[in-house]
Amino acid sequence: MTSTDPNPAATVPPHAPRIRTFHPRRGRMSDRQVDDLDRLWPAYGMTITDDLAAPVDLAALFGRRAPVVLEIGSGMGDATAEMAIGDPNRDYLAVEVHTPGIANLLGLVERHGLGNVRVGRGDALDLVRALPEGSLDAVHVFFPDPWPKSRHHKRRIIQPAHVALLRSRLAPGGTLHCATDWAEYAESMRETLTADPGLADVHGRYAPRPAHRPVTKFERRALAAGRPVLDLIHRRA
């Protein structure tokens, strides 16, 4: 795949060490989740590796040609399922590493008949590197790990090289939508997104809470703890 992105940081040489932007998570699964994972993964699942064949054919993955939304870190999948239900004309590719969350989303896909959802397991950045440029209508990064310690900031997903990569996979007019309940991370996100020359701030500083982003249990806990949730929406020029 030949890159036309003007920012050389948007790609990572094969020999360069990769820094993981997420905590590997383990969790116990219910019997229903185990069954859902076993039955539904072959139809709706996608294994992501660091040598994923490129370019990924999104039309083949979903069985149709439609705008695609990439969900990075879909958690238990409730928000992804709710958005997909209300947005049937777009396809949702949700990436997660937490197996119980993957299984839960697969169960929601079956129960709601969501043909516009696929679930990837692995590092979302490995997937993004294998996607064709300009292939995404939107990228959602909702409540990523804030890595609050200064020495861990290099692990944050919203940093210049990663943003350049994500932006290159957006179609012109496509949006990068981030949300966090960590005020310091929100300000860092804002500075990074604003500094990218190919992105335009849609609202100026922080966005009003979009109606299309469902309120999750995680967000309710953050609000109950007195942490305001901040949204940032930038558009590819």
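Residues numbered from 1 in each chain as written. Predicted model: local features only at pLDDT ≥ 70, side-chain atom pairs only at ≥ 80, totals over all residues. Heavy atoms only, no water.

*Asks:* Would you explain the packing of helix H1 (residues 31-44) against helix H4 (residues 99-112) in this entry?
*Replies:* When two helices pack together, their arrangement is captured by the angle between the axes and the distance separating the axes. Look at H1 against H4: their axes get within 8 Å of each other, and the N-to-C directions meet at 70°. Regarding the angle of H1 to H4, the classification is roughly perpendicular. In this structure, H1 contributes Arg32, Gln33, Asp36, Leu37, Arg39, Leu40, Trp41 and Tyr44 to the contact, and H4 contributes Thr99, Pro100, Ile102, Ala103, Asn104, Leu106, Gly107, Val109, Glu110 and Arg111. Looking at the contact of H1 with H4, its residues break down into nine nonpolar, four polar and five charged. (Axes fitted to C-alpha atoms, helices over the stretch in contact; angles between N-to-C directions. Helix = DSSP H or I, 4+ residues; strand = E, 2+ residues; numbered from the N terminus. Parallel < 35°, antiparallel > 145°, perpendicular 65-115°, else oblique. Contact = heavy atoms within 4.5 Å. Nonpolar A, V, L, I, M, F, W, Y, C, P; charged D, E, K, R; others polar.)

*Asks:* Looking at this structure, I do not really get the pairing of strand S2 (residues 68-72). What am I missing?
*Replies:* By the criterion of burial, S2 is predominantly enclosed, with five of the five residues buried. Both S2 and strand S3 (residues 91-96) contribute to a ladder of five bridges, which runs parallel. Among the inter-strand pairings, Leu70 is bridged to a residue of S3, identified as Leu93. With three bridges connecting them, S2 and strand S5 (residues 136-142) associate as parallel partners. Considered in S5, the bridge of Glu71 is made with His140. (Buried < 20%, exposed > 50% of the residue type's maximum accessible area, 1.4 Å probe, protein only. Pairing = 2+ DSSP bridges.)

*Asks:* Is there a simple way to explain the pairing of S5 in this structure?
*Replies:* Side chains on a regular strand alternate between the two faces of the sheet. Taken across its seven residues, S5 has six buried, putting it largely inside the fold. As paired strands, S5 and strand S6 (residues 170-180) are joined by six bridges and run parallel to one another. Counted as the bridge partner of Val141 is Cys178 from S6.

*Asks:* Before we go on, may I ask you to explain the pattern of salt bridges in this structure?
*Replies:* A side chain with one charge can pair with a side chain of the opposite charge if their charged atoms come near. Inspection of every chain in the model, using the stated rule, returns 16 salt bridges. The closest approach of N and O atoms between Arg90 and Asp87, which form a salt bridge, is 2.7 Å. With respect to burial, Arg90 and Asp87 carry one shared label: buried. When the shortest N-O distance is used, the salt bridge between Glu187 and Arg205 registers 3.3 Å. With Glu187 in helix H7 (residues 183-195) and Arg205 in the loop between strand S7 (199-201) and helix H8 (217-224), the pair connects residues that are 18 residues apart, well separated along the chain. Here the residues in one salt-bridge network are Asp35, Asp36, Arg39, Glu110 and Arg111, joined through shared partners. (Salt bridge = Lys/Arg side-chain N within 4 Å of Asp/Glu carboxyl O.)

*Asks:* Teacher, can you tell me more about the environment of Glu133 here?
*Replies:* Summarising the element assignment, Glu133 is placed in the loop between helix H5 (124-130) and S5. On the basis of relative accessibility, which here comes to 26%, the residue Glu133 falls in the partly exposed class. Counting along the chain gives 36 residues from Glu133 to Arg169, while the straight-line C-alpha distance between them is 4.3 Å.

*Asks:* Got a minute to help me understand H1 in this structure?
*Replies:* Because an α-helix completes one turn every 3.6 residues, residues spaced three or four positions apart along the sequence face the same direction. The end-to-end C-alpha distance of H1 is 19 Å, a good match for the 20 Å that 14 residues give at a rise of 1.5 Å each. The sharpest bend along H1 reaches about 35° and sits at Asp38, with the proline Pro42 one to four residues further on. Every buried residue of H1 is accounted for by Gln33, Asp36, Leu37, Leu40 and Trp41. Buried residues along H1 sit in contact with strand S1 (45-47), H4 and strand S4 (117-121). (Expected span 1.5 Å × (residues − 1). Bend = angle between axes of the 7 residues up to and from the residue.)

Everything listed is a geometric property; what it means functionally is a separate question.
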